[in-house]
Structure formats: structure tokens, C-alpha cells
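Close look at the chain arrangement
One-letter residues, chain by chain:
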Amino acid sequence: MNHPQQQARPVPWWRQRMVWAAFVSALILRLVLGFTVGHPFTDGLETGYLQGALSMASGRGMLQETQDAVGGQRPDVAARERQAAGGRIDAGHPYPVSTRGFVPGTLHPPGYSLLLWGYYAIGNFDGMVRLMRITSALLDASVCLLLFVFVRNVLGAAPGLVAAWLWVLLPSPLLLSLTFKPDAFVCFFSALVLCLASHTRLGRPWAWAATGVAVGVAFYFRPEFLAWPAVLFLCAWIDSGRLWRSIAGAAVMGTAMLVLLSPWVLWTYHAVGRPIFSTSSAGGSMYEALGEDPANPWGVTLNDGWVEHDARDRGFATAWSPEADGFYRRLYWQCVREHPGFWARTLFIKRMPMAMVPRYELPSGDERFFSDYRRREGLTPLGVVLKHPGMVLEHKGPAVLLVALSALLVAAMLAAAVIRRRQWRQMMWLLLPWLFVIAVMSLVKQVEARNVAGMRVVQAAAAGVVIEHFISRRQRRSGARAIRVPSTAAQEA
């Protein structure tokens, strides 16, 4: 009796040699770049996270400074000097020296500062820097594995393998991995959340809880991850067509996320007298971003120093306190109601195009090129390009190439939607997270490339779909020709 041939089981992801080859290649490249061209702590964000780490090392909890803070050394300078003296920052040698003008650090989630603190405890300043570079390289290289599994679960293993190799050389994650900011981890957490969530479509109930845990951990590095359960629920619902099952899964996911969030909520309640489920940065950032156009009708200036002085004039210690956060949120929406047309033009003409095609900066020391022109001549970045194209190419040639790559990735997303139009339900796992990141960041503040880095994961997936489509079509055509040629020769014979 002839038995039907059994279908071969797919090779598990951990036995995919080409995927592991992509991971190893990505890791080596990131380690080499990190230890050869990686820059030290530079801008205020980086030193702010380090400041929080050193204040915890001093036994004072995570602090943030206000305008009343007593002037002192930069945190990286203070840590280096203590290391050179044979010691480290601790309770006996604290940083900052005085807590006058400092308040509990609710401006950012504590994850990155906690990680810096842990690495500082292990290896002092130099060891902390080395361990953070290794961590950034390892996590970003891991996206190759997570991306493959995500795409395999949704659209197939072949485009997943192409997407994994694309990630190896994608410039924007490489640039972010060189910084000392939690943005260097955004792509990893985006890929992790999507990878775990994609298992829900395979009938794995544990995936809902695991996704909630991943979202909860991701929040400690970037607060916008709190909104991800909503978009993941939509993806699951549209894909499966089962509303109540998706609602039940989303409830499990949300519960797991809240459990992970509880330490932060309890700490903020103890530190500032009220529970905070996100951070205290949104209100001031939203209001400040109304000044993105210098000709705005509210007289707002897009500058952290400006909004800090404005907060002081209104009686707040800092624009980033919980009290100021609530005030500026209300003031922001009041401004929107006063001039909705101007706000809408800012949203749709300035922010959304920039979010779709972000402008990544290379660490060249010329990061203020566009802002300098905007201040001197009142031009938008596009206006600078149109009026001074030669200067833009001279100063921003590599950045222009990155913009072109961003545009190609947008085209890849649209092309993938067309190629897989018959699988439109599955394509929601790519399209909705992409649109979600663009919409959320455009609504909240002026767009910086690091704020929309998470969408690179689904864009790489889309590019994998497009490239694999053309490769397989070419192979099919070559195979058809190979069959026809011997057939014709046989007939002639």
C-alpha cells in the first residue's frame, strides 16, 4: 500500500544556519564600529541618563536637575576623575555633590540609567562604557533572529531570511547603536514585541502574556511602548477575524504589562506623592514642539532652555516635573483649539513627511546645520535644501543618502502591500505598526529620527518581502526556460 508522502516539518529557527550567520555578521560589525568610531557621552540626553545612574550609585535615588541646581562637573568628567584617583562615585564621594536644585527623576523611564548603574558597579566608568557598547551591539544584532521569526510566523521563512540579512547593514540601527541613549535599544524591543506577538496567530496562548512582559520591560527604556498593546490587538483581530478571542488575549497582555509597570508606579508615588504611569516629559515636549515653525501664533520657541524659563515664570521648578507636565498638557490642547488650522498644517506638512522619511544624522559634529539656518533665515529643513542645495550636499552628503534610503524603505512598504495584497490580513502586522509609529510621534512632538527608529523593523520585513518576491520570480523564470530548452531539443531529435 502506498502511503501519502508526509510533508516535511519546517526547520526550527534555532537550527537556521543562515540566520545565525546574519546574527554573527551583524554582531561583529557593530562591535567593530562601537569600539573604533563610537563617540563618548556628548549631548544633554546622554549625560542626563548618566547623571541618574551616578545619583543612584551615590545612594540618593534617580535624580534630575532643575535650574536651581548647583553648578558642577559633567557626570562623565566626575566619574572619570574618581576612576583616575583609584575610586568611584559612591555615598562617600557622591554625584551630584549637593542635591540642591535636584528633584526625583521622573523625566525619563529608569531602565537605561539602571543599566548604566549596574555596569558602573561592575566595572567603574571604563568598564561601564565597554559593557554598554557590547550590550548595544548584542541586542541590535539579535534583531536578525527576532526579525526572521516574526516574518516567518506572518509571511513565510524566505522573506524572513532576506530581512534578517538586510538588518546586518541597515545604517540607521547602526548609528543608533553607537549612542549612549535608550534609543539604541528601540529596534530590539520593537522586534521582540512583534516576534512574541506573532506567535499568537499560531495558537500559542502563552504568547499574549509574554508579549505583555516584553512591552512592560520595553517601557522602562521608551515610554511610547505603553501604547503598543492597542496596535497589537488590532493586528491580531484583523488577522484572525476573532474579536472576543483577541480582546481576551489583549486583556492578558495588558495585565502582564501592568504587573511589570507596578514598580515604577509605586516608586513615583513614594517619590512625588502621586502614581505616574508614564513619565513627566510629555506635556513640556508637546508644548515646546508647537514652536517647530518659528512663525507660530503662540509665540513658542522650540528649545529646552526656553520652555524651562517659561516653566519658571509660571512657578514650576522645572518644565519636566509632574505638576508642570499636567499644566503643559492642558495648555497644549488649549493652543490647538485656538489655532487648529496652523496645528494641522504643522502635523501634516512638517511632521508626518519627516516621520515617514526621517533624516538620520551622522556623528560629524555638524548636527546643528539645519537648526542654524532655521534660526538665521526662518527656513524649514526642506527650505534649506531648496535654497542652499550646494551647502547641503557639502555638509550633509551622507545624511542625504540616508534620507534616500528612508524613502526607499517607504517604497518597499507600499510595494510589499501590493505584492501581498491577497494576504492583506497578515500584512496588517507590518502596516499597522508602521503607521502607528508615524502617527503617535507626529501627534506628540517634532520628529527626530531616533523617535521613529522602531518602524525600521517592519520596514526591513517589507523590504525582505519585496526582494524575495523578485528573486523567486527570477528563479521561476530561469527554471521554466531550463525545462523548455531540453524539451525542444528532444522534439528536434
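Structure: above.
Residues numbered from 1 in each chain as written. Predicted model: local features only at pLDDT ≥ 70, side-chain atom pairs only at ≥ 80, totals over all residues. Heavy atoms only, no water.

Structural notes on the overall build of the protein
If you tally the helices and strands in the protein, you get 19 helices and two strands. Residues classed as buried in the protein amount to 51% of the 493 residues present. For the protein, long-range pairs separated by at least 24 residues make up 75% of all intrachain contacts whose partners lie at least 6 apart in sequence. Of the roughly 23500 Å² that the protein leaves accessible, carbon and sulfur atoms contribute 63%. (Helix = DSSP H or I, 4+ residues; strand = E, 2+ residues; numbered from the N terminus. Buried < 20%, exposed > 50% of the residue type's maximum accessible area, 1.4 Å probe, protein only. Contact = heavy atoms within 4.5 Å. Areas by Shrake-Rupley, 256 points an atom, 1.4 Å probe, with all protein chains shown as cover.)

Side note on the pattern of salt bridges
Here the structure, examined in full by the defined rule, presents 13 salt bridges. Residue glutamate 224 is joined to arginine 222 by a salt bridge in which the shortest nitrogen-to-oxygen separation is 3.1 Å. Take arginine 222: its relative accessible area is 12%, and that puts it in the buried class. Bridged by salt links that share partners, the residues Asp183, Arg222, Glu224, Lys445, Glu448 and Arg450 form one connected network. (Salt bridge = Lys/Arg side-chain N within 4 Å of Asp/Glu carboxyl O.)

Topic: the packing of helix α9 (residues 228-240) against helix α18 (residues 424-444)
Contact geometry for α9 and α18: axes closest at 8 Å, N-to-C directions at 160°. Classified by the angle between their axes, α9 and α18 sit roughly antiparallel to one another. As α9 packs across α18, the resulting crossing turns out to be right-handed. In this structure, α9 contributes Trp228, Val231, Leu232, Leu234, Cys235, Ala236, Ile238 and Asp239 to the contact, and α18 contributes Trp424, Arg425, Gln426, Met428, Trp429, Leu432, Pro433, Phe436 and Val437. Grouping the amino acids of the contact of α9 with α18 by side-chain chemistry returns 14 nonpolar, one polar and two charged. (Axes fitted to C-alpha atoms, helices over the stretch in contact; angles between N-to-C directions. Parallel < 35°, antiparallel > 145°, perpendicular 65-115°, else oblique. Left-handed = near helix turned anticlockwise from the far one by under 90°. Nonpolar A, V, L, I, M, F, W, Y, C, P; charged D, E, K, R; others polar.)

Structural notes on a nonpolar patch on the surface
Side chains of Trp13, Trp14 and Trp20 sit close together on the surface and give an oily, nonpolar patch of about 340 Å² of accessible area. Among the structural elements, tryptophan 13 can be located in the segment before α1 (17-36). Taking the relative accessible area as the measure of exposure, tryptophan 13 reaches 31% and is therefore partly exposed. (Patch = residues over 30% accessible without salt bridge, like charges linked within 9 Å, V, L, I, M, F, W, Y side chains within 5 Å.)

So, the environment of methionine 257
Take methionine 257: it is sitting in helix α10 (residues 243-272). Separated by 44 residues in sequence, methionine 257 and valine 213 place their C-alpha atoms 5.3 Å apart. With sequence-adjacent residues up to four places away left out, methionine 257 is seen in contact with Gly212, Val215, Gly216, Leu226 and Pro229.

Details of empty space enclosed by the protein
Under the counting rule described, the total for this entry stands at two cavities of 30 Å³ or more. What the largest cavity holds in volume is close to 100 Å³. Taken together, Val186, Ser190, Glu224, Phe225, Trp228, Phe436, Val437, Val440, Met441, Asn451 and Gly454 make up the full set of residues lining the largest cavity. Of all the secondary structure elements, the ones that give two or more residues to the lining of the largest cavity are α7 (186-198) and α18. For the lining of the largest cavity, the element with the most residues is α18, which contributes four residues. Classifying every residue of the lining of the largest cavity gives seven nonpolar, three polar and one charged. (1 Å grid on protein atoms, 1.4 Å probe; cavity = no way out; pocket = protein on both sides within 12 Å on 5 of 7 lines; lining within 4 Å. Points joined across faces, edges and corners; volume = space filled by probe spheres on them.)

Overview of helix α4 (residues 111-154)
The end-to-end C-alpha separation of α4 is 30 Å, well short of the 64 Å expected for 44 residues at 1.5 Å each. Of all 44 residues in α4, 31 are buried; the element is thus mostly enclosed. Phi for glycine 156, located one or two positions after α4, is positive at around 125°. (Expected span 1.5 Å × (residues − 1).)

As for the packing of aromatic side chains
Taken as a whole and assessed by the stated rule, the structure comprises 22 aromatic pairs. On the numbers, 6.3 Å between centres and 70° between planes, the contact of phenylalanine 189 with phenylalanine 225 is edge-to-face. Of this pair, phenylalanine 189 sits in helix α7 while phenylalanine 225 is found in the loop between α8 (206-219) and α9, placing the two residues 36 residues apart along the sequence. The buried category is assigned to phenylalanine 225, whose relative accessible area is 2%. Ring geometry for phenylalanine 316 versus phenylalanine 327: centroids 5.5 Å apart, planes at 45°, classification tilted. (Phe/Tyr/Trp six-rings, centres within 6.5 Å; stacked < 30°, edge-to-face > 60°.)

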